[in-house]
Amino acid sequence: MPLSAPERFALDAAFEQARKSLSENGYPIGAALLAPDGTILAVGHNLREQKHDTTAHAETVCLRHAGRRRDWHTLTLVSTLSPCAMCSGTAVLHRIKRVVVGENRNFMGEEEWMRSKGIDVEVVQDPRCIALMADFIAKHPDRWNEDIGVPR
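1. A word on the overall build of the protein chain
Logical step 1: Counting secondary structure elements, the protein chain contains seven helices and five strands.
Logical step 2: For the protein chain, the sequential pattern of α-helices and β-strands runs α-β-β-α-α-β-α-β-α-β-α-α.
Logical step 3: Here the C-alpha radius of gyration of the protein chain, 14 Å, is about what a compact globule of 152 residues would show, namely 15 Å.
Logical step 4: Expressed as lengths along the three principal axes of its C-alpha atoms, the size of the protein chain is roughly 40 × 25 × 25 Å.
Logical step 5: In the form shown here, the protein chain has an accessible surface area of approximately 7600 Å², with 53% of it arising from carbon and sulfur atoms.
Logical step 6: Charge separation in the protein chain, taken as the distance between the mean sites of 19 positive and 20 negative side-chain charges, equals 4 Å.

Here you go:
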C-alpha cells in the first residue's frame, strides 16, 4: 500500500537524519516516530560510531528521544533501513503498530518476525535510502560488518 503523506514526510525526516549521521562519520541510518495525527514525535540517527555505543542504532535513539509513553501501540516507526534484531525487538516490546522501512536491499532485518508479532511492516525500497546505504557499505565494509555482527 502506498505511504500516506505523513509517512512520506516521516521518511524524509528519517533520511535527513541518516545524512546527518553520515556527516558525523557515522552509519547513515535514520528514524522517525509518527503519531496517528501525522505529528513527528521524535527523530534519531545511528550514533554507534559517535558514542561508541553498540546499541545506539537509529531506531533505538529515536525511541529514546520520544521519552516515556503509554501510546506506543498507536505509533508508526519509520526507518531508512530494515530494523536489525535489536531494533525489531524494541518495536515488538513497545507494541509499535506499524513500521515503515525505507529499504531492505542492503540489509534484511527481522521484518517477518515483526509481522508475526502483529506489526504492520511496509517496505518502500526508496532509491535515496538504497543508494546512501550501498555507497556507505562499499566504502566501509569492515565497519558495516562490525555493526551487523559479522565476524572478521
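There's plenty left to go through after this.
2. Examining the sheet that holds strand S3 (residues 76-79)
Within a sheet, each strand pairs with its neighbour through backbone hydrogen bonds, oriented either parallel or antiparallel.
Logical step 1: Spatial strand order, S2-S1-S3-S4-S5: five strands in an open sheet with mixed pairing. For this open sheet the edge positions go to strand S2 (40-45) and strand S5 (120-123), each flanked by a neighbour on one side alone. With direction set aside, neighbouring strand axes in the sheet form an average angle of 15°.
Logical step 2: Two elements, strand S4 (residues 98-101) and S5, share four bridges in a ladder whose sense is parallel. From the neighbouring strand, Arg-98 faces S5, where its bridge partner is Asp-120.
Logical step 3: Along the sheet, helix H3 (residues 58-66) contacts strand S1 (30-34), S2 and S3; its crossing angle with S2, the most-contacted strand, is approximately 140°.

3. Considerations on the side chain of Arg-98
Logical step 1: Along the polypeptide, Arg-98 turns up in strand S4.
Logical step 2: Judged by relative accessible area, Arg-98 falls into the buried class, the value being 8%.
Logical step 3: In terms of polar contacts, Arg-98 uses its side chain to reach the side chain of Glu-7, at 2.5 Å.
Logical step 4: Those residues in contact with Arg-98 that lie beyond four places of it in its chain are Met-1, Leu-3, Glu-7, Leu-75, Thr-76, Leu-77, Ile-119, Asp-120 and Glu-122.

4. Points about the packing of H3 against helix H4 (residues 85-93)
Logical step 1: For the pair H3 and H4, the least separation of the axes is 8 Å and the interaxial angle reads 35°. Contacts from Glu-59, Thr-60 and Leu-63 of H3 reach H4 at Met-86, Cys-87 and Thr-90.
Logical step 2: Class assignment for the residues of the contact of H3 with H4 results in three nonpolar, two polar and one charged.

5. Describing the pattern of salt bridges
Logical step 1: Considering all chains together, one arrives at 12 salt bridges under this definition.
Logical step 2: Note that Asp-71 and Arg-69 form a salt bridge whose closest N and O atoms lie 2.7 Å from each other.
Logical step 3: A network of salt bridges, in which partner residues are shared, links Arg-8, Asp-12, Asp-126 and Arg-128.

6. Notes on the nonpolar core
Logical step 1: Counting 29 residues, the largest nonpolar core has Leu-33, Leu-77, Val-99 and Trp-144 as its most contacted members.
Logical step 2: Elements supplying a minimum of two residues to this core: S1, H3, H4, S4 and helix H6 (127-139).
Logical step 3: In terms of residue count, H3 provides more of this core than any other element does, four residues in total.
Logical step 4: Setting aside anything within four residues of it in sequence, one finds Leu-33 in contact with Thr-39, Ile-40, Leu-41, Ala-42, Cys-62, Leu-63, Ala-66, Trp-72, Leu-75, Thr-76, Leu-77 and Ile-96.

7. What about the pairing of S4?
One face of the sheet, then the other: side chains in a regular strand alternate in exactly this way.
Logical step 1: Side chains Arg-98 and Val-100 project from S4 onto one buried face, and the interleaved Val-99 and Val-101 project onto a second face that is buried too.
Logical step 2: With four bridges joining them, S3 and S4 adopt parallel strand pairing. Residue pairing in the sheet places Ser-79 in a bridge with Val-101 of S4.
Logical step 3: Regarding topology, helix H5 (residues 111-116) serves as the crossover connection from S4 to the parallel S5, and that connection is right-handed.

How each quantity is defined
Residues numbered from 1 in each chain as written. Predicted model: local features only at pLDDT ≥ 70, side-chain atom pairs only at ≥ 80, totals over all residues. Heavy atoms only, no water. Helix = DSSP H or I, 4+ residues; strand = E, 2+ residues; numbered from the N terminus. Rg over C-alpha atoms; globule rule 2.2 N^0.38 Å. Areas by Shrake-Rupley, 256 points an atom, 1.4 Å probe, with all protein chains shown as cover. Lys, Arg positive; Asp, Glu negative; His and termini not counted. Charge placed at Lys NZ, Arg CZ, Asp CG, Glu CD. Pairing = 2+ DSSP bridges. Axes fitted to C-alpha atoms, helices over the stretch in contact; angles between N-to-C directions. Contact = heavy atoms within 4.5 Å. Buried < 20%, exposed > 50% of the residue type's maximum accessible area, 1.4 Å probe, protein only. Polar contact = N/O pair within 3.5 Å; in protein donor to acceptor, adjacent residues only side chain to side chain. Nonpolar A, V, L, I, M, F, W, Y, C, P; charged D, E, K, R; others polar. Salt bridge = Lys/Arg side-chain N within 4 Å of Asp/Glu carboxyl O. Core = buried A, V, L, I, M, F, W, Y, C linked by side-chain atoms within 4.5 Å. Right-handed = clockwise from strand over helix to strand, strands pointing away.

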